[in-house]
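So you can see what is in the structure, the chains are spelled out below.
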Amino acid sequence: MYRVAYENDKMIISFNKDLAESDALAKFLGHINLQSILKKSKYADSKEKMKIQSRLRDFPTGMALLRDSGLNKGAAFTDEERDALGLRGLLPPHIHSMDDQLLRVLTNLRRLPSDLDKYIFLNGLQARNKTLYYRALLENIEELMPIVYTPTVGKACLEYSNIFRRPQGLFITANDKGRIADLLMNWTYKDIRIIVVTDGERILGLGDLGASGMGIPIGKLALYTACAGIHPATGLPVTIDVGTENEELLNNPLYIGLKQRRLRGQDYDELIEEFIVAVQQIFPGALIQFEDFGNHNAFRLLRKYRHQVCTFNDDIQGTAATSLACLYSALRIAGGELKDQKILFLGAGEAGIGTGDLTVSAMMNEGLSEQEARQRCWFVDSKGLIVKSRTDLNGNKLRYAHDHEPASNLLAAVGAIKPNAIIGVSGKPGLFTRSVLEAMARINERPIVLSLSNPTSNTECTAEEAYTWTEGRAVFASGSPFKPVTVKGKTFIPAQGNNVYIFPGLGLGVLATRASRVPDEMFLVAAKTLVEMVSDADREQGRVLPPLTRIRETSLAVATAVAEVAYEQGLATTPRPDDLTEYIKSLMYVPEYRSYV
Ligand code: NAD
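The structure displayed is predicted, hence computed values, not measured ones.

Asker: Any chance you could break down the site of the ligand for me, citing the residues and the numbers?
Answerer: Neighbouring the ligand are 26 residues, the closest being Arg202, Asn295, Ala348, Ala351 and Asn499. Within the backbone of Ser382, an N or O atom sits 3.3 Å from a nitrogen atom of the ligand. Backbone polar atom of Leu452 to a nitrogen atom of the ligand: 3.1 Å apart, as the coordinates give it. In terms of residue class, the shell around the ligand is made up of 8 nonpolar, 14 polar and 4 charged.

Asker: Explain the sheet that holds strand β12 (residues 448–451) to me, using residue names and the numbers behind them.
Answerer: Taken in spatial order, the 7 strands line up as β10-β9-β8-β11-β12-β13-β16 in an open sheet, and their pairing is mixed. Every interior strand has two partners, whereas the edge strands, β10 (384–385) and β16 (495–496), have only one. As paired elements, strand β9 (residues 377–381) and β10 share 2 bridges and run antiparallel to each other. Within β10, the position partnered with Asp381 by the bridge is Gly384. Sheet contacts for helix α20 (residues 410–417): β8 (343–346), β9, β10 and β11 (421–424); angle to β8, the most-contacted strand, approximately 170°.

Asker: An account of the sheet that holds strand β7 (residues 311–313) is needed here, citing residue identities and associated values.
Answerer: One open sheet holds the 5 strands; their spatial order is β3-β5-β4-β6-β7, and the pairing between them is parallel. At either end of the open sheet lies a strand with only one pairing partner, and these are β3 (170–173) and β7. Pairs of neighbouring strands in the sheet enclose a mean axial angle of 25°, with direction left out of account. Strand direction decides the pairing type here: β3 and strand β5 (residues 235–241), joined by 4 bridges, are parallel. In the strand pairing of β5, Ile172 is matched with Ile240.

Asker: Outline the packing of helix α12 (residues 215–228) against helix α26 (residues 551–568), supporting the account with residue identities and numerical values.
Answerer: Closest axis-to-axis distance for the α12/α26 pair is 7 Å, and the angle between their directions is 95°. Relative to α26, α12 is oriented roughly perpendicular. In this structure, α12 uses Thr225, Ala226, Cys227 and Ala228 to contact α26, whose residues at the interface are Ile551, Arg552 and Ser555. Class assignment for the residues of the contact of α12 with α26 results in 4 nonpolar, 2 polar and 1 charged.

Asker: So what about the nonpolar core? Which residues, and what values?
Answerer: Core analysis: the biggest nonpolar cluster contains 155 residues, and Leu184, Ile195, Phe275 and Met522 have the highest contact counts within it. Per-element accounting of this core gives the leading share, 10 residues, to helix α16 (residues 314–334). Ignoring any residue separated from it by four or fewer positions in sequence, one finds Phe275 in contact with Ile172, Ile180, Leu184, Ile195, Val197, Val238, Ile240 and Ile288. With 27 residues, the next largest nonpolar core counts Val387, Ile417, Tyr467 and Phe476 among its residues.

Asker: Quick rundown of the side chain of Lys130? Include the residues and the values.
Answerer: Mapped onto the elements, Lys130 comes out in helix α7 (residues 130–139). Buried charge without a partner: Lys130 forms no salt bridge, and the closest opposite charge is Asp68, 7.0 Å away. What Lys130 contacts, discounting residues up to four positions off in sequence, is Ser69, Gly70, Leu125, Pro232 and Tyr589.

Asker: Can you break down the environment of Ile203 residue by residue, with the values?
Answerer: With respect to the helices and strands, Ile203 occurs in the loop between β4 (194–198) and α12. Setting aside anything within four residues of it in sequence, one finds Ile203 in contact with Cys157, Thr198, Leu209, Gly213, Ile216 and Asp292.

Asker: Got a sec to walk through the packing of aromatic side chains? Specific residues and values, please.
Answerer: In the structure shown here, the tally under the stated rule is 11 aromatic pairs. With a centroid separation of 4.8 Å and an interplanar angle of 80°, the aromatic rings of Tyr133 and Tyr134 are classed as edge-to-face. The buried category is assigned to Tyr133, whose relative accessible area is 3%. Between Tyr467 and Phe476, the ring centres sit 5.7 Å apart and the planes meet at 70°, which makes this aromatic pair edge-to-face. The exposure class assigned to Tyr467 is buried, which follows from its relative accessible area of 1%. Classification of Phe476 as buried rests on a relative accessible area of 0%. By way of ring pairs, the aromatic residues Phe59, Phe77 and Tyr596 are connected into one cluster. The residue whose ring lies beneath Lys73 is Tyr596, and the NZ or CZ to ring-centre distance is 4.5 Å. In this arrangement the basic side chain of Arg374 is found over the ring face of Tyr400, its NZ or CZ atom lying 4.9 Å from the centre.

What counts, and at which threshold
Throughout, a residue's number is its position along its own chain's written sequence, starting from 1. Only residues with pLDDT of at least 70 are given local features in this predicted model, and only at 80 or more are side-chain atom pairs given and counted; all residues enter the totals for whole chains, interfaces and linings. Values reported for side chains reflect all heavy atoms of the structure, with hydrogen atoms and water molecules removed beforehand. Throughout this document, a residue counts as near a molecule or strand when at least one of its heavy atoms sits within 4 Å of that molecule or strand. What qualifies as a polar contact is a pair of N or O atoms within 3.5 Å, subject to a donor-acceptor requirement within protein and to the restriction that residues adjacent in sequence count only when both atoms come from side chains. Under this grouping Gly is polar, as are all residues other than the nonpolar Ala, Val, Leu, Ile, Met, Phe, Trp, Tyr, Cys and Pro and the charged Asp, Glu, Lys and Arg. A pair of strands is labelled paired if DSSP reports no fewer than 2 bridges between them. A helix here means a DSSP run of H or I that spans at least four residues, while a strand means a run of E at least two residues long, and both kinds are numbered starting from the N terminus. Contact criterion: two residues are considered in contact whenever any of their non-hydrogen atoms come within 4.5 Å of each other. Angles run from 0 to 180 degrees between N-to-C directions of axes, and those axes are lines fitted to C-alpha atoms, restricted for helices to the stretch in contact. Angles below 35 degrees are treated as roughly parallel, those above 145 as roughly antiparallel, those between 65 and 115 as roughly perpendicular, and all remaining angles as oblique. Remark: nonpolar core denotes a set of buried residues (Ala, Val, Leu, Ile, Met, Phe, Trp, Tyr, Cys) joined through side-chain atoms within 4.5 Å. Under the scheme applied here, a residue whose accessible area is under 20% of the maximum for its type counts as buried, over 50% as exposed, and between as partly exposed, the area being computed with a 1.4 Å probe on protein chains only. In this count, Lys and Arg are taken as positive residues and Asp and Glu as negative ones, while His and the chain termini are left out. The term salt bridge refers to a pairing of a side-chain nitrogen on Lys or Arg with a carboxyl oxygen on Asp or Glu at a separation within 4 Å. A pair of Phe, Tyr and Trp rings is counted when the ring centres sit within 6.5 Å of each other, with Trp represented by its six-membered ring. The angle between the planes then sorts it: under 30 degrees is stacked, over 60 is edge-to-face, the rest tilted. Should the NZ of a Lys or the CZ of an Arg lie within 6 Å of a ring centre and within 35 degrees of the ring normal, that charge is described as sitting over the ring.

As structure tokens, this is what we get:
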């Protein structure tokens, strides 16, 4: 990350501003450099020393250092650091190791009464000491991911205005037209490589939460760091607040966002366009991840920008890769090839259509024509089975409208289509009813049931329902986590079919190669690579995805496969290293304290 050399008695540290670097890191490396120069007697009492001392002031000391969450180590600052950095007396005298601090964090966290309290607690830690926050997250990912992400992040977004303590992320509003570049320049860190942006219109399955949707980009970026080692200072959470249609928020005196109806049409498009252009100016080449936009904007914006800039939509493409990986992996348990399956989607929105499209591509790779592949993917939306005779269908749904008798609900559709797999992406709870699951179990020896809607309160069925109502024969995964279930003496560990298995690794691969675009092939290889990470032991327990405890290893494998695509397609803008995996691994941020003196 940096090189040390000596020139005429002077220590020179040069920074390689690669992925793992941040402005904060550069600042403290600069500090080490200047301090070591100061120590050289040659400069003592010279003008040079004064110059250096004044530059040293750039590195925060005293209270400012304790308030810098990227640099703060709290009670872990050493004696030497306390003297050199003006911390003496500002901290309690005992010097604690990071392990001590971690123990304190976990003890305090675990005695909190609710998950929302835990979310608030962890949020506070993130704002105080990022290194400790990421260490806690990384080492306890199975316990803490449901707190920093789904399902608790859903509760946090619903309560965002009420629990608001300090600003996080960048708020760009409809009133900022003409000055978005200035807002981006206001951000603390200048070396931004990933932006997760939402306009808050469709937060998880919870609908329009306006500016309260900020919890989502913050949570996703935390997962980028924990799961794939993307340096926290290189990620920027953004909420584009164009208003909300949510009456409850509009009437809440504590609501943090713009109290107006949503901007639509040309004004909305111009604001988004200005944002995209401003990002290219201020953070050229940064990967822009669209997150939780309303259906009508999500597809449109993806189509518009995916061939212009480095961008993807996680709800459409990330979900598609995760769901496809679940399907491939489930077939290793249930038997059969993807091209021979009939798949019935409940929900024809971003997640459903995105997965349908990627599944069609995957089936075409197995030898089917596009038409044959589409014929194997069926959709049920709120009005029933999507068939040609319906007159209410839009462009995306029309592509999957087949010549078939109408069916007014899911149970009727299951009876008529006899699918091998059902995928729930409706955002509506309880729609995989007992009758539906029993019907699936009658049709298939091993029915594949993916209940992907988030948060837990919106899941189409619980793990217990899926296993019990199919007599333990379902191959199951869910969007939000569920505890193990025992049926007929066998214990099943349901996998969490969540995008977290794809987007962090995909982002790492894109960043490592500084790829200029994010083509579909990246999602396809990401899905296939993910399946390879599932072991026989995992499958034995009914898991279709690897445990979250192996997420860094999994993300590294996904990143390497994605980077290969970037090189193959000529999208990479950095030279190919000899050992791609080792190179990417070397870029991954490890939350450890560094010595500042
Ligand atoms: P969306 O609004 O774009 O689509 C929802 C679809 O469900 C629409 O087609 C709608 O017509 C349909 N629908 C609504 N009510 C229905 C009903 N009663 N019966 C049948 N269909 C119905 O939303 P989306 O982005 O596709 O997300 C849908 C759900 O998937 C959300 O709950 C979201 O949290 C979840 N999701 C999960 C993951 C994951 O990683 N597991 C990723 C993305 C989205």
